[in-house]
Amino acid sequence: MDSAQITVTACCAAIVIILLVCLWRVLNWVWFRPKKLEKLLKRQGLKGNSYRILYGDIKELSGMIKETNSKPMSLSDDIAPRLVPFIWKLIGNHLLAGKKSFVWLGPKPLVFIMDPELIKEIFTKTYLYQKPHSNPLIKLLAQGLASQEGDKWAKHRKIINPAFHLEKLKHMLPAFCLSCTEMLSKWEDIVSVEGSHEIDVWPLLQQLSSDVISRTAFGSSYEEGRRIFELQKEQAQNFVEAIRTVYIPGWRFLPTKRNRRMKEIERGVHASIRGIIDKRVKAMKAGEVNNEDLLGILLESNFKEIEQHGDKDFGLSIEEVIQECKLFYFAGQETTSLLLVWTLILLSRHQDWQAQAREEVLQVFGSQKPDFDGLTHLKIVTMILYESLRLYPPVLSLMRRPNEDTVLGDLSLPAGVLLSLPVVLLHHDEEIWGEDAKKFKPERFRDGVSSATKGPVAFFPFTWGPRVCIGQNFAMLEAKMALAMILQRFSFELSPSYAHAPQSIITIQPQYGAPLILQKL
């Protein structure tokens, strides 16, 4: 055999070996590893369906969500059966097993953690239980602090922290107030004609929180940021549609219509935010100081960190600043507008609590603009906001994965298994909250969160522990300001055209809007 033949034979052998390795990896991913995990989980008493190749439970899960979203539900706060029908059915069927269940997201099992003590352990051991990033499409929506881990997360958090310090937030109250005043002036123009009028408050509250974020983050008006919000909203819808199908590695690189649009949106948002940042950096270098908004504080904190260490690696790159700004836009706008819309819907249905909240606001502020000290003393308003967050949390569940083989309670978990902390199910759990768990009862928070939950970590709309949401105080302060100003000027009730239909598009939103009948006071 000559050298050429030997070379060809060697190449053919190498190709065969590579193909066999690839084939084994595919088979292991799609069949052998899932079946091994299934055996491991069921041996520990967890209940779930047998693994079905590639899709797992995704087809049934998506089909049931599509069916429940096809029509409104009855006017009730028992929303879990509509939002997570497949999971509700599964856990409901296995309550006798101690709520120990799992579902298949394609070839990956998702284990539900329903024990508050285990949830506390997961939130505390952030080095062990980390956020899964199995779908790279999340990078096209928003990354930033929320998706970082370890030392990188610590660096981002240290630099961003000053922007959310309570003293800094006090200086942002005028921006909150101005945005609320502009929204309510529009409401008054509409309502003053007849004395009462139907208004769908959902898009208006989205615009309000968008305006607040634009002013407090970038010192600009809503008009400058509106295009970014519209694009981020479309991106969120595309992302949800993508994750309801089986994730196939490499699929995002194919030029499908959705993939092309998601990349186009990402480029547009990136360019818009880059333009805002470049103008600000240029102004700062020219000596024009503007560090009263979140971007200014963030850039100033970043420059100080680099100066202190004499090394730019200790700071954030411009690309990282852009990602943090995208997160400001998405998370900041969504959280507050959702908290406000569900609170107004609840107060429309519970006029007694609306009257109590208004009485408290008028007692503290009269007809004057709300101030920081007064907002911090609104006990009834705070109770109502907490109860709204309990019944209608921003997200359905939080996901984590152990980055090494570990033991959680009596469960042995291999590295990489997905864990679900189902916020909605835990917030509505009668074993934790009592028989009235699915009813609106703000008085349960009269003595604070820990008293309401009797100690365990069972209320976490902003997560919990070291990685608690950095924007929690921002969102609560904005919500208190907006709700106080609305109560000062209007009474409101549900419109007959209101259709109750909570829907999850990353966050829990009113599918058909929130038409209310507003009466000017």
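Before reading further, recall that the structure is shown in the block above.
What you see is a predicted model; the values in this text were computed from it and never measured. Chains are numbered independently. Their residues run from 1 in the order of the written sequence. Totals for whole chains, interfaces and linings use all residues, but because this is a predicted model, local features are given only for residues with pLDDT of at least 70 and pairs of side-chain atoms are given and counted only at 80 or more. Side-chain measures were taken over the full set of non-hydrogen atoms in the model, leaving aside hydrogen atoms and water.

Participant: Where do I start with the sheet that holds strand S8 (residues 418-421) in this structure?
Facilitator: The pairing criterion for strands is at least two bridges between them, as found by DSSP. Here a helix means four or more residues in a row that DSSP labels H or I, a strand means two or more in a row labelled E, and each is numbered from the N terminus. Sheet architecture is open: 5 strands sit in the order S1-S2-S8-S5-S3, paired in mixed fashion. Either end of the sheet is taken by a strand with one partner, and the two such strands are strand S1 (102-105) and strand S3 (129-130). Running at roughly 170 degrees to S1, helix H1 (residues 3-43) makes contact with S1 and strand S2 (108-112) of the sheet. What makes two residues a contact is simply this: any of their non-hydrogen atoms within 4.5 Å. For helices, the fitted line uses only the C-alpha atoms of the stretch in contact; every axis is such a line through C-alpha atoms, and the angle between N-to-C directions lies from 0 to 180 degrees.

Participant: Just to check I follow, could you spell out the pattern of salt bridges for this structure?
Facilitator: Note on pairing: side chains with opposite charge can pair once their charged atoms come close. Here a salt bridge means any side-chain nitrogen of Lys or Arg lying within 4 Å of a carboxyl oxygen belonging to Asp or Glu. Counted under the stated rule, the structure contains 24 salt bridges. Two residues, arginine 52 and glutamate 60, come together in a salt bridge whose shortest N-O distance is 3.7 Å. Between buried and exposed lies partly exposed: a residue is buried under 20% and exposed over 50% of the maximum accessible area for its type, with that area taken using a 1.4 Å probe on protein chains only. Residue classification places glutamate 60 among the partly exposed positions, given a relative accessible area of 30%. A salt bridge links glutamate 264 to arginine 261; the shortest N-O distance between them is 3.1 Å. Of this pair, glutamate 264 and arginine 261 both sit in helix H11 (residues 257-285), 3 residues apart, roughly one helical turn.

Participant: Hey, could you run me through the packing of aromatic side chains in this one?
Facilitator: The relation between two aromatic rings is expressed through the spacing of the ring centres and the mutual angle of the planes. Note on aromatic pairs: the rings of Phe, Tyr and Trp (six-membered ring only in Trp) are paired at centre separations within 6.5 Å, and the planes decide the class, stacked below 30 degrees, edge-to-face beyond 60, tilted for the rest. Counted under the stated rule, the structure contains 14 aromatic pairs. Consider the rings of tryptophan 24 and phenylalanine 32, whose centres lie 5.4 Å apart with planes at 25 degrees: the pair is stacked. When the centroid spacing of 5.8 Å and the interplanar angle of 45 degrees are considered together, the rings of tryptophan 31 and tyrosine 51 count as tilted. Note that tryptophan 31 is positioned in helix H1 and tyrosine 51 in the loop between H1 and helix H2 (58-68), a separation of 20 residues in sequence. For a ring to carry a charge above it, either NZ of a lysine or CZ of an arginine must fall within 6 Å of the ring centroid while also lying within 35 degrees of the normal to the ring plane. If you follow lysine 59 out to its NZ or CZ, it ends over the ring of tyrosine 55, 4.3 Å from the centre.

Participant: Mind showing me how you'd approach the pairing of strand S10 (residues 502-505) here?
Facilitator: Side-chain positions along a regular strand alternate between the two faces of the sheet. Going residue by residue along S10, you find Pro502 and Ser504 tucked away on one face and Gln503 and Ile505 tucked away on the opposite face as well. Inspection of the sheet shows S10 paired to strand S11 (residues 507-510) by 4 bridges, in the antiparallel sense. Its bridge partner being in S11, glutamine 503 is matched across the sheet by glutamine 509.

Participant: Just checking my understanding: could you explain unusual backbone geometry for this structure?
Facilitator: For residues besides glycine, phi is generally negative; the peptide bonds are generally trans as well. One non-glycine residue, leucine 54, adopts positive backbone phi at about 70 degrees. Within the secondary structure, leucine 54 is located in the loop between H1 and H2. At threonine 463, a position not held by glycine, the phi torsion is positive, near 65 degrees. Along the polypeptide, threonine 463 turns up in the loop between helix H19 (449-452) and helix H20 (472-489). Judged by its relative accessible area of 18%, threonine 463 falls in the buried class.

Just geometry here; none of it tells us what the structure is for.
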